[in-house]
Every structure is written in structure tokens, then in C-alpha cells.
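Each chain is listed here by its residues.
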Amino acid sequence: MTQKRLMTSETDTERSRDAGGVGANGGFYICVKMSLYPSLEDLKVDKVIQAQASYVASSGTPAILPETVASVPSDGGLYPRLYPELSEYMGLSLNEEEIQMNMATVAVPQQTVARPSSINHMVAPVTGTDLGLRRAEIKQGIRELILCKDQDGKIGIRLKSIDNGVFVQLVQANSPASLAGLRFGDQVLQINGENCAGWSSDKSHKVLKQASDQKISVIVRDRPFERTITMHKDSTGHVGFIFKNGKITSIVKDSSAARNGLLTEHNICEINGQNVIGLKDTQIADILATAGNAITITIMPSYIHEHMMKRMASSIVKSLMDHGIPEV
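Residues numbered from 1 in each chain as written. Predicted model: local features only at pLDDT ≥ 70, side-chain atom pairs only at ≥ 80, totals over all residues. Heavy atoms only, no water.

J.: Just to check I follow, could you spell out the nonpolar core for this structure?
T.: Inside soluble globular proteins, nonpolar side chains tend to come together where they are buried. Judged by nonpolar contacts, the single largest core of 20 residues is most densely connected at I157, L182, V188, I191 and I216. Residue assignment for this core shows that the elements contributing at least two residues are β8 (142-147), β9 (157-162), β10 (165-171), β11 (187-191), α6 (201-210) and β13 (216-221). When near neighbours in sequence (up to four residues on either side) are disregarded, V188 contacts L159, V166, V168, C196, V218 and I219. One finds M231, I268, A291 and I299 within the second-largest nonpolar core, a separate group that totals 19 residues. (Core = buried A, V, L, I, M, F, W, Y, C linked by side-chain atoms within 4.5 Å. Buried < 20%, exposed > 50% of the residue type's maximum accessible area, 1.4 Å probe, protein only. Helix = DSSP H or I, 4+ residues; strand = E, 2+ residues; numbered from the N terminus. Contact = heavy atoms within 4.5 Å.)

What follows is the structure, encoded as C-alpha cells:
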């Protein structure tokens, strides 16, 4: 029987799950589920680290390393230099100390090898334990929130009916909804045990208005129309996209934005977990400029974003929307 196998390094195999089967021609094959990474830069750097780990584990046996890998350093370092200057690697603004901070040292018999740190079950040698990535995470599944009304009898949200679902259109700063962790784009599945499917925006608000002041049970799915993309600043401090009125209009060639699949015709909802809807472009640019080297943005297709914001005055969004930085 002919055997087909997808080859991986030992480090890959340790962090993956194998599954096999029989192909159409009767041959046996093995599929390997590989690691997840916050960004393409993390994937590329991890591959180089894996090559070095394989070299170290071979007890001095010469190994074929990628062209990007220089010789093993003579100073006893745990991994080779990726380039004469690490900042040249894909234009990243990095240094070896930053990579080392994101590595965990794992002891093996008579050897010590470096393994990347992991965040949210992802391998992240470049991004590391970045708080922005954790704040922006879109969680799978559903959760229950218990709300109570403020002294004015309000919980601080506006809801919008889209495609027979009910979604959070606005979260007011310092409101019960904000303190409970509701975010723009969350889908409300139930209010006090009643299914919201098919409800109009008016009915959703009416149910909340009639609910008890002391306890309102809300079942929520986390931002189903949105997704996050993690990028890394280059040596000039840019990630490589242009936006206007919060909408991404173009992507810079060979930039981190291009490498990681950022798309035009999408609106920026959050930067490192901080809501930026309703902010001026200059304010969004300031947030991007003052952020660290790793930037995670949350985006939504523009046609959905326009529908979400329909019939809501921009002045209300600017003055009421919660633009605070969420806790993790």
C-alpha cells in the first residue's frame, strides 16, 4: 500500500493532532492539524524557532535550516539570529530581547530549547501576551449577563433588529450595560427567558423598559458580525492601511496589514479592544500611533456597519458611545 504523509518537525507534531484516512486511490494519508497564531509574523518566526529546536535536539547533527536562519550563535543563545538585525525581518520593529521575553524555556535531557509562549491557545513568539489581543478576543459560545437599571431606570443600550436577530447598536459609557461587559455588535438571544428572534427594535426596547429594575437576565452571543486581525508595526511605526471616516479604503503592499489579510470595505470597530466607533479619524490615528508594536483591530463589513448605524444620529454616537478600554 502506498503511504502518503505530510511531513512536520517534531515541534510541530508535539503541538498538533493527527488524523488519518484512506484516499480515493486506496492510499493511506495523514492530516496534521497545525498550531494557531495571532498573526502571520508569529507563524513565520515560530517556524524559524522550530528549525532551531530541531537542530538543538539533533545533538549536533547538521540540520537544513531555512535561508532566513543564520548559524547558531556562539554566545550560547537558545536560537539563531533570524537576520543580522532582527528589525529587518519582514520590516518588523523588533529586537531579540522582545522575542526572548515571549519565549518559555523548556528543559529536555541534556538540552535546553526555547518554546514560544502561548496566548488564548495560540503560539505567539512575536505578539507575546499582548493585552490588546486579549481585550479584543471574540469569544465563542454564549454567555448570560445579569443587569440592573440605574437611578433613571435605564441600562444604557440601544438595540437594532437585523435579519430576524437583535443586536447591540450602542453601549453608553459608565452604564450598567457597559459595566456588565456588553459591546457594540453583541447579539441578544434572550431577555428574561424570552427568545428575541424575530423581534423588532421597538419590541426589544419595550421588553427592557417593562423589565424589573433589580434583575434583567440577558443571553448574549459575542459580536458575530465582527472579526479581529492582529498586525505588527514596521520600523516606521505603521501597519499598512488607510482609512476614511473609520472605513478601510486601501491596503499598503507588502505591509503587515496585507500579510494578515486585512480587507477594504470594512469599518474599524475596535483597536486593541477599545471601541472607536464615532471617533474622528484623527482620534483613531492617535490611538493607532500610541499603541504598542502589536495592534489588534476589530472590523465589520461596511454594509453591515452602515445598517447597524442606520437612523442613529452621529452626535449621539460621539457623545454616548462607550470608548473606554475594557478590563481583562
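Back to the text.
J.: It is not clear to me how the packing of aromatic side chains should be interpreted in this structure. Could you clarify?
T.: Think of a pair of aromatic rings as described by two things: how far the centres are apart, and how the planes are tilted against each other in angle. Tallied over the full model, the rule gives two aromatic pairs. A centroid spacing of 4.8 Å and a plane angle of 25° characterise the contact between F167 and F225, whose relative ring orientation is stacked. Here F225 lies in the loop between β13 and β14 (227-232) and F167 lies in strand β10, a separation of 58 residues in the sequence. Among the residues examined, F167 registers a relative accessible area of 4% and is labelled buried. Of the residues examined, F225 reaches a relative accessible area of 23% and is grouped as partly exposed. Judged by centre distance (6.0 Å) and plane angle (45°), the rings of F241 and F243 are tilted. (Phe/Tyr/Trp six-rings, centres within 6.5 Å; stacked < 30°, edge-to-face > 60°.)

J.: Whenever I open this one, α6 confuses me. Can you help?
T.: An α-helix turns once every 3.6 residues. As a result, residues three or four positions apart point the same way. If you check which residues of α6 are buried, you get S201, S204, V207 and L208. The buried residues of α6 occupy one face: seen down the axis, they fall within an arc of 130°. Structural note: α6 exposes D202, K206, K209 and Q210 on the side pointing more than 90 degrees away from its buried face. Buried positions along α6 lie against β9, β10, β11 and β13. (Arc of directions from axis to C-beta.)

J.: I'm lost on the pattern of salt bridges in this one. Help?
T.: Pairing is possible between side chains of opposite charge, provided their charged atoms come close. Applying the stated criterion to the full structure yields seven salt bridges. Its salt-bridge partner being R223, residue D222 comes within 2.7 Å of it at the nearest N-O pair. Across the pair, exposure class does not vary: D222 and R223 are buried alike. For the salt bridge of K247 with E265, the shortest nitrogen-to-oxygen distance reads 3.0 Å. With a gap of 18 residues between them, K247 in strand β16 (residues 247-251) and E265 in the loop between α7 (256-259) and β17 (266-271) connect regions that are remote in the sequence. (Salt bridge = Lys/Arg side-chain N within 4 Å of Asp/Glu carboxyl O.)

J.: I'm lost on the side chain of Q169 in this one. Help?
T.: Inspection of the secondary structure assignment puts Q169 in strand β10. For Q169, a relative accessible area of 6% gives the class buried.

J.: How should helix α8 (residues 281-290) be read in this particular structure?
T.: Listed as buried for α8 are I284, I287 and L288. Angularly, the buried residues of α8 cover 100° about the axis, an arc narrow enough to put them on a single face. Turned more than 90 degrees away from the buried face of α8 sit T282, A289 and T290, all of them exposed. Tucked into the core, α8 has its buried residues touching β15 (241-244), β17, β18 (274-275) and β19 (294-301).

J.: Just checking my understanding: could you explain the confidence of the model for the chain for this structure?
T.: Any region with low pLDDT has predicted coordinates that should not be read closely. On average, the chain scores 80 in pLDDT, and the residues at 70 or more come to 71%. The element-level mean pLDDT for the chain is lowest in strand β1 (residues 3-5), coming to 40, with β17 highest at 98. Predicted confidence for residues 1-17 stays below pLDDT 50, and this span has 38 contacts to residues more than four positions away or in other chains. Contacts for the low-pLDDT stretch residues 104-118, under 50 throughout, to residues beyond four places or in other chains number 38 contacts. (pLDDT = per-residue confidence, 0-100.)

J.: I would appreciate a short explanation of unusual backbone geometry in the present structure.
T.: In terms of backbone geometry, most residues other than glycine have negative phi values and most peptide bonds are trans. You will see that N164, though not glycine, has its phi angle at about 70°, which is positive. Mapped onto the secondary structure, N164 falls in the loop between β9 and β10. Positive phi, normally seen in glycine, also occurs at N192, with a value near 50°. Here N192 is to be found in the loop between β11 and β12 (194-195). Accessibility expressed as a relative area gives 37% for N192, which makes it partly exposed.

J.: Please explain the environment of T296 as it appears in this structure.
T.: In this structure, T296 sits in strand β19. Classification of T296 as buried rests on a relative accessible area of 0%. Sequence separation of T296 and E137 is 159 residues, and the distance between their C-alpha atoms is 9.1 Å. The residues contacting T296, other than those within four sequence positions of it, are G132, L133, A136, T228, I229, T230, E270, I271, N272 and G273. One polar contact links T296 to T230, side chain to side chain, over a distance of 2.8 Å. (Polar contact = N/O pair within 3.5 Å; in protein donor to acceptor, adjacent residues only side chain to side chain.)

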